[in-house]
Structures are given as C-alpha cells and as structure tokens.
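Architecture and fold: a report
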Amino acid sequence: MKSVLIKLFLTCCLTTTIISCTQEKKKRVLNFPDTNLAAENLIPKPLQMIPTNGGFALDKFTAIYTSQNATGYEEVGQFLAKKIKAKTDLDVQVNVDEIPGREGVIYINQSDSLELETPEAYQIYITSDSVILNSNSAAGAFRGIQTLRQLIPEVSSDTLAEYPVWTIPTGKIVDSPNFEYRGSMLDVARHFFSVEEVKKYIDILAYYKYNVLHLHLTDDQGWRIEIKSWPKLTEVGGSTEVGGESGGFYTQEEYKEIVAYAAEHHITIVPEVDMPGHTNAASVSYPFLNGNGKTPKLYEGTHVGFSTFDTRKDTVYAFINDVVREITELSPGPYFHVGGDESHVTKKKDYIYFMDKVVDIVKQYNKIPIGWDELATANVDSTSIAQYWGSKENAEIAVKKGMKIIMSPAKKAYLDMEYDTESKFGLHWAAYIPTDSAYVWSPEAYDGIPLENILGVEAPLWSETISDISEAEYLAFPRAIGYSELSWSTEENRNWENYKVRLANQAPYLERMNVQYYPSPLIDWKKSKNTFEEIKKD
Ligand code: ACM
C-alpha cells in the first residue's frame, strides 16, 4: 500500500497536469524546512514585515497573473518572469489562460487601497499557495517585485519534490519609500561609459529600488550627447577624456535607448549640462561660447574651475536654448540639471544673471531645474531644486527660499571618495568613506537642513580616476547599496549591525551579476571570493 502511495505521489508530481495533484503538492509544501520571513536578504529594509510559518513553492508550476487594464502591470510581470528565469532557470508564464486548480500563483494587482499612500508603495501577502502583490501604480509593483526577487533563495530548497523548488517564506510585507527621489549619478564626461555599461549600472540600481539616474553629460574634458544643431560639440568636444583616451558620446538614438531602458526599470534619467563653468569642451567646439579670455584647448586633466561661458552674449543663450530643447525632447522625466557648480572664473553678478536666464529656459521646456547647491545663490525660488554637495551656507539660502534639496554631501555620499588609504581608485579631497561611514548618517538631519526641504538622496560617482564599469563598480558597490537603504528605509529601520549582515548576503547576487564590488573587510561576505582582485591579477 505504502509503495502504491509513493508511486502515485511521484507520478502526480512529475506530470505537468497538476489538477489532480493538489493534495500531494500541499503535503509537499508542508514538508518544507522551517522558513521565516525575515529581512536577512533584503536591502533596502521594508517598512514592516509580519512572518507566518510556511513556504510558498516557486517551481515549474508557478505562473504570474497581472492586472491587465492597468498601465505597465503586464510588463512588470514579464520583468519578474525574466529575472526568475535568470536566477532559477524556471520558465514562469505570465497571464496564460487560467488552469483550474493551479497552485503557486503570483498575482500583481493594481489596487486603489488608501493604505498604499505613495505611488511606489506596495504590499505583498505570501501564503503557501499564492503571492499577492498590491500597488496603486506600476512603479509600486516594480519596487515590490525587487523585494520578491530578493526573497527567492539563491539555491533551490531541499524538498521531497522530484523537481527543483525555491521556497519563499510566507507572511505580509508593507512597504513604502521614505524619500521620493533616490538617485545615483554617473559622470560620463570625464570618462565615457558605453550604453551597455550604463545599462548594467541601471540593472543594479533597480534591484535596490533606486528611481533616478543622473547623467553628468558635459564637462571640461568632454561633451557626451549629440546635439544635432551644434554637431561640433561631439565631433570636437567628445573626442577626449581624462588621461588622453579617446572619449566618445551618445548619439540621440543611443541616449533614447538609455532613457527607454531606464524607464523599463522605473528609473528616470536626469540629464545634466553643467554651466557656466565646466564648459571647456563646449567652448573648444564653438569658441564664441568662451568667457574666460583665453583660447580654449582640449583638456584631459582633472583641475576644475577654469572655464566659463560668456554670460553677456545673446548667442550663448540661443545655443543653450537649442541644447536644452534637443535634450528635453529626448528626456521624458520632469527634471533638467543645469550644473552651476565651481564657476570660479565667472564674476558673481554674471553668474547670477546667467543662472537666472538658464533656469528660465529650462522652465520654458516644462522641466524642473536642478542645480548644484551654488544655484541657490541666484535669483531662483522654490520652483528650482538645489543639490547639496557641501556648502551649508548655500543650503541655508535654499531653505530660506523654500527650495527642495537633494542630499549629496561629498563627505558622506560621494561614491568617488576612497574607502581608505589602500583604495585603488578614487580621491579623498572630501573624506575617506569606508562602507560603515557611508551608511551611518542621517539624510533626514544633516547640516541643519530641515526634513521638509529634503526631496531625497543622490550618490554621485565622479570619474576622474575610473575608466570602465568594473572600476566604477569598485567605487559604487557596496556603498551605493547602503544609500538605497538611506533613501528608502525609515531611520528607525536602519541599523549598521543589522545592515551589515544583510549586506554580506548580497555577495551571491553581486557575483552572479559580475559586479566587481569592493570586498570591504568590515563585512563578513557570504562568499568571500574576491572577484575583483582575481580579475585585476590576471
Ligand atoms: C561638485 O562636486 N563640483 C558638484
């Protein structure tokens, strides 16, 4: 009798028509080893988690169903299926015709529940036979599926089943971001990064629930975006980079490809054209722009503050109008970054005159101007945003004007700062920023900036010392993972001792993604393989 039952059980579990196997499948689920919903693999830490005892079996019978008349939900379901395939090799189907009695369903639903108070909020209910993810927008669903991805174990569970099963612990997760703006910046001007490299950076940012990638597209050393009405910007200004390498630029088609890829990851691209300083590459291309009285030459060094546009020429503003028009036409996001930092050779009155005019141009194209914190010193008001990178005085001016502030204090959030004196890349003019120091600070209460002014957090990665994505990854990771928690999770939910265990558990993901992270000795990495060292030694 016993052998007949075992045979029946195996037959049922091996067959793809699972209708008749309901009992056996349920039994198998109950046989799972203890699993407890906990944040041990989750970064950023969710607002609230309520574990129940049990496991949801992610296996070859699992299917995903999404709201079908809510924009973007099906795409979120497809994205999850693709990532499940990459992690487990399971082919999970999306919105296939319902099979009666199917177990193991992941539902991704649009919901107008008032509990989902922000567009990116989501709730997940995991039971032994279903996962229900509710959000009021596709962006919320997308953030929620990152949590699900992190809950799927790296290896399949040891069960009685004849086929692999990944056990997701049951319980309820309620989550919502602390800040609405959660960004990182790539300086593609000092060293150029290819479309594929930028896409890889987007992949990792999305996994940690970032929603902004700011591209620093222009600087003294290079102009990186095609402007059709001013072709020499890229022909001449795009030809160099720091250290004498060959530079590069994005065609408008390539830039659109980055914007679209970011949008699939619910990430907004913030384009930056830095001005009136940091403009040598533009002025070499079109010398009439130059306002520093010298003949501009291509520049491959790393000094700052020597260049400026001529702020008193109408033709300069006609040029800027074209640049802003062409870039905003390609950029669906709400922001345009005008730079405005370190204009050391622009007279103060000229700087104010210039920034006022540029902010007006940006607004004419229905974009919200962002500038580095110096922008607050122009005649701007609460409709512009200041990106704080270190000046308390500028931050105070911004607060008095009622401006929103993006927190990027160089001493804490600059990804290009060295970890310590042994760092292979980076600078240390602001600070050494080891992995703990990057995490242990409060964007909610920094330099006296009131919480109500803070739009969010951004971690900029300047590229003076790095020339490819693996070097960028060394500086960005693991610190950018910590900034995701600083911008998403509430202060009460953040704790270094707890975080460092969760960070250690990111190693398998980072290694699977071939991310050349810095293996900080402060972290007891789940896998201690130092891939970066190995690659560099080869
Ligand atoms: C900056 O670091 N110059 C914004």
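Refer to the preceding data block for the structure.
This write-up is about the structure you can find in this document. Predicted, not measured: the structure shown is a model, and the values here were computed from it. (Residues numbered from 1 in each chain as written. Predicted model: local features only at pLDDT ≥ 70, side-chain atom pairs only at ≥ 80, totals over all residues. Heavy atoms only, no water.)

**A word on the overall build of the protein**
Helix and strand counts for the protein come out as 18 helices and 17 strands. For the protein, the C-alpha radius of gyration of 25 Å lies close to 24 Å, the compact-globule estimate for 538 residues. Dimensions of the protein along its principal axes, counting C-alpha atoms only, are 95 × 50 × 45 Å. Counting every position in the protein, which comprises 538 residues, the buried fraction comes to 61%. Sequence-distant contacts, at least 24 apart, represent 71% of the contacts inside the protein between residues at least 6 apart. Summed over its atoms, the accessible surface of the protein is roughly 21000 Å², and 53% of this surface lies on carbon and sulfur atoms. Across the protein, the mean location of the 53 positive side-chain charges is 2 Å away from that of the 75 negative side-chain charges. (Helix = DSSP H or I, 4+ residues; strand = E, 2+ residues; numbered from the N terminus. Rg over C-alpha atoms; globule rule 2.2 N^0.38 Å. Buried < 20%, exposed > 50% of the residue type's maximum accessible area, 1.4 Å probe, protein only. Contact = heavy atoms within 4.5 Å. Areas by Shrake-Rupley, 256 points an atom, 1.4 Å probe, with all protein chains shown as cover. Lys, Arg positive; Asp, Glu negative; His and termini not counted. Charge placed at Lys NZ, Arg CZ, Asp CG, Glu CD.)

**Description of the environment of Glu226**
Structurally, the position occupied by Glu226 is in the loop between strand S11 (222-223) and helix H6 (232-235). By relative accessible area, Glu226 is classed as partly exposed at 21%. In sequence terms Glu226 and Pro334 are 108 residues apart; their C-alpha atoms lie 21 Å from each other. Within the local environment of Glu226, its side chain forms a polar contact with the backbone nitrogen of Gln252, the two atoms lying 2.8 Å apart. (Polar contact = N/O pair within 3.5 Å; in protein donor to acceptor, adjacent residues only side chain to side chain.)

**Section: the pattern of salt bridges**
Going through the model one piece at a time under the given rule, you end up with 22 salt bridges. Across the salt bridge formed by Asp187 and Arg190, the nearest N and O atoms sit 3.0 Å from each other. Using a relative accessible area of 0% as the deciding quantity, one classes Asp187 as buried. For Asp447, the salt bridge identified is with Lys392, shortest N-O distance 3.9 Å. Of this pair, Asp447 sits in the loop between helix H13 (435-439) and strand S17 (454-461) while Lys392 is found in helix H11 (residues 392-400), placing the two residues 55 residues apart along the sequence. (Salt bridge = Lys/Arg side-chain N within 4 Å of Asp/Glu carboxyl O.)

**Notes on helix H16 (residues 496-504)**
Listed in full, the buried residues belonging to H16 are Trp496, Tyr499, Arg502, Leu503 and Ala504. Check the buried side of H16 and you find it contacts H13, helix H15 (479-488) and helix H17 (507-512). Regarding H16, its N-cap is Asn495, as a side-chain oxygen of that residue lies 3.0 Å from the backbone nitrogen of Glu497 further along.

**Some details on unusual backbone geometry**
Of note, the bond from Ile43 into Pro44 is cis; its omega dihedral lies within 30 degrees of zero at -5°. Along the polypeptide, Pro44 turns up in the loop between helix H2 (22-30) and strand S1 (48-58). Note the cis peptide between Met275 and Pro276, where omega equals 5°. Within the element layout of this structure, Pro276 appears in the loop between strand S12 (268-275) and helix H8 (280-285). Phi is positive for Asp89, which is not a glycine, with a value near 70°.

**Regarding the environment of Thr234**
The topology assignment puts Thr234 in helix H6. Measuring from C-alpha to C-alpha, the distance between Thr234 and Lys424 comes to 31 Å, with 190 residues separating the pair along the chain.

**Quick word on the pairing of S12**
Most of S12 sits out of view: seven of its eight residues are buried. Examined bridge by bridge, strand S9 (residues 212-216) and S12 share five bridges and lie parallel to one another. Bridge assignment links His214 to a residue of S12, and that residue is Val270. Relative to strand S13 (residues 335-339), S12 is paired through two bridges, and the arrangement is parallel. Each bridged residue has a counterpart across the sheet, and for Glu272 the counterpart in S13 is His337. (Pairing = 2+ DSSP bridges.)

**Here we look at the sheet that holds strand S7 (residues 166-175)**
Spatially, seven strands are ordered S1-S7-S5-S6-S4-S2-S3 in an open sheet, and the strand pairing comes out mixed. Edge positions in the sheet fall to S1 and strand S3 (93-94), since each has one partner strand and no second. Against the sheet, helix H3 (residues 73-88) engages S1, strand S2 (63-66), S3, strand S4 (105-110), strand S6 (130-135) and S7, with an angle of about 150° to S4. Lying over the sheet, helix H4 (residues 138-151) contacts S4, strand S5 (122-126), S6 and S7, oriented at roughly 40° with respect to S5. (Axes fitted to C-alpha atoms, helices over the stretch in contact; angles between N-to-C directions.)

**A few points about the side chain of Gln123**
Position of Gln123 relative to the elements: it lies in strand S5. Judged by relative accessible area, Gln123 falls into the buried class, the value being 5%. Separated by 2.8 Å, the side chains of Gln123 and Glu115 make a polar contact. Excluding its chain neighbours within four sequence positions, the residues that come into contact with Gln123 are Glu115, Leu116, Ile132, Leu133, Asn134, Lys172, Ile173 and Val174.

**Quick word on the packing of aromatic side chains**
One pass over the full model with this rule turns up 32 aromatic pairs. For the ring pair Trp230 and Phe319, a centre distance of 5.1 Å and an interplane angle of 75° mean the geometry is edge-to-face. With Trp230 in the loop between S11 and H6 and Phe319 in helix H9 (residues 314-330), this pair connects stretches of sequence that are 89 residues apart. Assigned by exposure class, Trp230 and Phe319 land together as buried. Through a chain of ring-to-ring contacts, the aromatic side chains of Trp223, Trp230, Tyr286, Phe288, Phe309, Tyr317, Phe319, Tyr353 and Phe354 assemble into a single cluster. Here the guanidinium or amino end of Arg312 rests over the ring plane of Tyr353, the centre of that ring lying 4.0 Å away. Of note, Arg479 hangs over the ring of Tyr419, and the distance from its end group to the ring centre comes to 3.7 Å. (Phe/Tyr/Trp six-rings, centres within 6.5 Å; stacked < 30°, edge-to-face > 60°. Lys NZ or Arg CZ within 6 Å of the ring centre and 35° of its normal.)

**Let's talk about the sheet that holds S12**
Around the barrel, which closes on itself, the eight strands sit in the order S8-S9-S12-S13-S14-S15-S16-S17 with parallel pairing between neighbours. Put simply, the sheet's adjacent strands are angled 30° from each other on average, direction ignored. Where S13 lies against strand S14 (residues 368-372), three bridges are found, and the strand directions are parallel. Bridge assignment links Phe336 to a residue of S14, and that residue is Pro369. Against the sheet, helix H5 (residues 195-207) engages strand S8 (181-187), S9 and S17, with an angle of about 150° to S9.

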